[in-house]
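Architecture at a glance
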Number of protein chains: 2
Amino acid sequence: MKSFKELVASFAEVFNVSHFPKEPAGLYEPADYFLTIGGKRIRPVMCLMGNELFGEIVPDAFHVATAIELFHNFTLVHDDIMDKASLRRGLPTVHTKYDENTAILSGDVMMVVAYSYLNKINVSYLSKILGLFNRTAREVCEGQQLDVDFERRNSVSLPDYIRMIELKTSVLLAASLRMGAILGGASEGNQNELYEFGRNLGIAFQVQDDYLDAFGDPEKFGKDVGGDIRQNKKTFLMLHALEVANTQQKNELLSLMEENPADKVERVLQIFRDCDVDGWAKSLKQQYLDKSMKHLEDIAVVSSRKKPLRELADFLIQREH
Amino acid sequence: MKSFKELVASFAEVFNVSHFPKEPAGLYEPADYFLTIGGKRIRPVMCLMGNELFGEIVPDAFHVATAIELFHNFTLVHDDIMDKASLRRGLPTVHTKYDENTAILSGDVMMVVAYSYLNKINVSYLSKILGLFNRTAREVCEGQQLDVDFERRNSVSLPDYIRMIELKTSVLLAASLRMGAILGGASEGNQNELYEFGRNLGIAFQVQDDYLDAFGDPEKFGKDVGGDIRQNKKTFLMLHALEVANTQQKNELLSLMEENPADKVERVLQIFRDCDVDGWAKSLKQQYLDKSMKHLEDIAVVSSRKKPLRELADFLIQREH
């Protein structure tokens, strides 16, 4: 069995080639460019791990992992246009380096090529994998739409927000594991447990991401702390704060969001602390992590095979004790 | 056997339902809207015809036809953004009625749903159909890229232009026929002939479209004649004119394109006539139509089964005796 790190290296070896023809360069060069700016390749590695939990990694798992990573990158290219994001991982996004039309079309073709990789697998698995891939791809689009919708709404309930995160982020993590499990010959029951492991882990990860954006150590976090607050993003923390704050705190939050004073981040954080939003977020993250680990335990394979998935959870989530 | 018209009606019966869930409405309503503004449904009907050429229409042909039409509409939604087209068939395009982000994401989900329809077919055909679908989808993206590239270039050769048209338009027509033929159990040889019939017919159709935009009867053509000339579009006619015109005519064409005088359309048309561009275009169309019909003849089925495909060619192309 391979460790998480070894799987990252194995996948990189397969994935770090060009997935496109040379011409027309205006279409394929931007797609190649975007893939070379990196990313942690979490999803494809999860697919390999899902396979290895139940048996030796089959060559098809690399095809599916590649399809997943291409699909994920397609969503990023299009999301960056929608979010008007000019940088990703410190480098220009496709629509910034080239233009919007290029980003639309190069994104489209990345998605088509993702489906071409799916079609390389043994036909006995094809319909099942394709079905899960399609359902997940649709859900990811729905999640992105809900994200856009929520940014325009005045209030969003916590369950609605969790549902959005689930669709936008968690289902692809969960489906990546499950696709691997299908190729590894897992039973339906084990596939479900693994999917739920991934789904809950994804939510825990997002809670942590929101937490670190507000309370993280700028050195360790690697990005600007307070960015979500400055942009008035509806995060787990803000939604909870607006729910539990007293009238005075709530009014202050709302006026800070409207007026954007220079000390906005500090003042919002102070209200967050006064409402124990930080403690609440830690505990919410822990709840989802616990659920996640419970599903991992309930998978009927010998415990030692689950080690890489525990490593994955450790890598994604800084656990509390 | 069903006539072309009957197949259009059969497909409409299957296709004119909603292909999407209700929620999130911001994602799916624009997709539904775009599908209801119509279109001739040529491609899905070609898929049904490809099937019926070799045997009774199987239910899977309707799934594939639906996938093809959804894919085609996805490309239109994204192309309209890229072309900044505000109307299609006299109605607002998706990015005009809603906004660009909506058009990107609703287009994306239409494509995913197209793949979901493909996955409904009998698994014994799935890999073959999916392979052809993926290849064609990639080619359509390449064609759109070449179209964008050519608009920016000063000169484009006729073979390059034909290759662009082939990718952007013809291959999807050809592949639609071939997918039907695969489901109808056609031999590889017959599939190839049918594909070539569609590919050449598509080029003939585009030559005619360019011709009608310049020389068509406004009453019959149904759209503004001279639009391509006003927009300096590189059409079959303009590319040929720039090749065969004498120095004086060529300079006049170039300055007309640069200066856009009020009488631009008439003056360009006069040069076209002086260079016999109209006669040349009619003969080019006829050449591709002849090639197309030759491939139809070479399909090894009884001649009477080919009647609907001849009707299709008549419908698409106003033949010149």
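Structure's up top.
What counts, and where the lines are drawn
- Residues numbered from 1 in each chain as written.
- Chains lettered and ligands numbered in written order.
- Predicted model: local features only at pLDDT ≥ 70, side-chain atom pairs only at ≥ 80, totals over all residues.
- Heavy atoms only, no water.
- Least-squares fit on C-alpha atoms with pLDDT ≥ 70 in both.
- Contact = heavy atoms within 4.5 Å.
- Helix = DSSP H or I, 4+ residues; strand = E, 2+ residues; numbered from the N terminus.
- Buried < 20%, exposed > 50% of the residue type's maximum accessible area, 1.4 Å probe, protein only.
- Buried area = accessible area lost by both parts, 1.4 Å probe.
- Salt bridge = Lys/Arg side-chain N within 4 Å of Asp/Glu carboxyl O.
- Polar contact = N/O pair within 3.5 Å; in protein donor to acceptor, adjacent residues only side chain to side chain.
- Phe/Tyr/Trp six-rings, centres within 6.5 Å; stacked < 30°, edge-to-face > 60°.
- Lys NZ or Arg CZ within 6 Å of the ring centre and 35° of its normal.
- Expected span 1.5 Å × (residues − 1).
- Arc of directions from axis to C-beta.

**Regarding the relation of the copies chain B and chain A**
Of the transformation superimposing chain B on chain A, the axial component is 0.0 Å and the angular component is 180°, with the fit at an RMSD of 0.0 Å. Each copy turns onto its partner about a two-fold axis. Looking at the interface residues of chain B, 100% of them are also at the interface in chain A, so both copies use one shared face.

**Remarks on unusual backbone geometry**
Across the chain, the bulk of peptide bonds are trans and the bulk of non-glycine residues have phi less than zero. In this chain, A:Glu23 is followed by A:Pro24 through a cis amide linkage whose omega measures -5°. Tracing the chain through its elements places A:Pro24 in the loop between helix 1 (4–15) and helix 2 (25–36). The backbone of B:Lys84 shows a phi angle near 50°, a positive value even though the residue is not glycine. Examined against the element boundaries, B:Lys84 turns out to sit in the loop between helix 4 (59–82) and strand 1 (87–88). B:Lys84 sits in the exposed class, given a relative accessible area of 65%. Its identity as a non-glycine residue notwithstanding, B:Asn260 has a phi of 45°, on the positive side. Here B:Asn260 falls in the partly exposed class, since its relative accessible area comes to 41%.

**Some points on the environment of A:Ala281**
Residue and element names in this part refer to chain A. For alanine 281, the location among the structural elements is in helix 15 (residues 277–297). Alanine 281 gets classed as buried once you look at its relative accessible area, which sits at 1%. Between the C-alpha atoms of alanine 281 and methionine 164, which are 117 residues apart in sequence, the distance is 17 Å. The contacts of alanine 281, once residues within four sequence positions are left out, are Val207, Tyr211 and Leu237.

**Brief notes about the interface of chain B and chain A**
The interface is formed by 38 residues belonging to chain B together with 38 residues belonging to chain A. Contact between chain B and chain A buries roughly 3400 Å² in total, counting both sides, with carbon and sulfur atoms accounting for 67%. Here chain B and chain A share 2 salt bridges between them. In this structure, B:Asp99 and A:Arg152 form a salt bridge, with 3.4 Å as the shortest nitrogen-oxygen distance. Along the contact surface separating chain B from chain A lie 12 residue pairs in polar contact (both at pLDDT 80 or more). Elements supplying a minimum of two residues to the side of chain B that touches chain A: helix 2 (25–36), helix 4, helix 6 (100–118) and helix 7 (123–152) of chain B. Broken down by element, the side of chain B that touches chain A gets its largest block of residues, 15 residues, from helix 7 of chain B.

**What about the packing of aromatic side chains?**
Within the structure shown, the criterion is met by 21 aromatic pairs over all chains. Taking the centre distance of 3.5 Å and the plane angle of 5° together, the rings of A:Tyr115 and B:Tyr115 count as stacked. With A:Tyr115 in helix 6 (residues 100–118) and B:Tyr115 in helix 6, the pair connects residues from two separate chains. Judged by its relative accessible area of 0%, A:Tyr115 falls in the buried class. Ring pairs connect the aromatic residues A:Phe71, A:Phe74, A:Tyr115, A:Phe133, B:Phe71, B:Phe74, B:Tyr115 and B:Phe133, which therefore count as one cluster. Positioned over the ring face of B:Tyr33 is B:Lys97, at 4.7 Å from the centre of the ring.

**Quick look at helix 13 (residues 247–259) of chain A**
Residue and element names in this part refer to chain A. Compared with an ideal rise of 1.5 Å per residue, which puts 13 residues at 18 Å, helix 13 spans 18 Å between its outermost C-alpha atoms and is within 8% of the ideal. Looking only at helix 13, the buried set comprises Gln249, Leu253, Leu256 and Met257. Mapping the buried residues of helix 13 onto a view down its axis gives an arc of 95°, with all of them on the same face. In this structure, helix 13 carries Thr247, Gln248, Glu258 and Glu259 as exposed residues pointing more than 90 degrees from its buried face. Among the structural elements, helix 12 (236–244) and helix 14 (264–274) are those in contact with the buried residues of helix 13. N-capping of helix 13 is provided by asparagine 246, with a side-chain oxygen placed 3.2 Å from the backbone N of glutamine 248. Remark: asparagine 260 follows helix 13 within two positions and exhibits a positive phi of approximately 50°.

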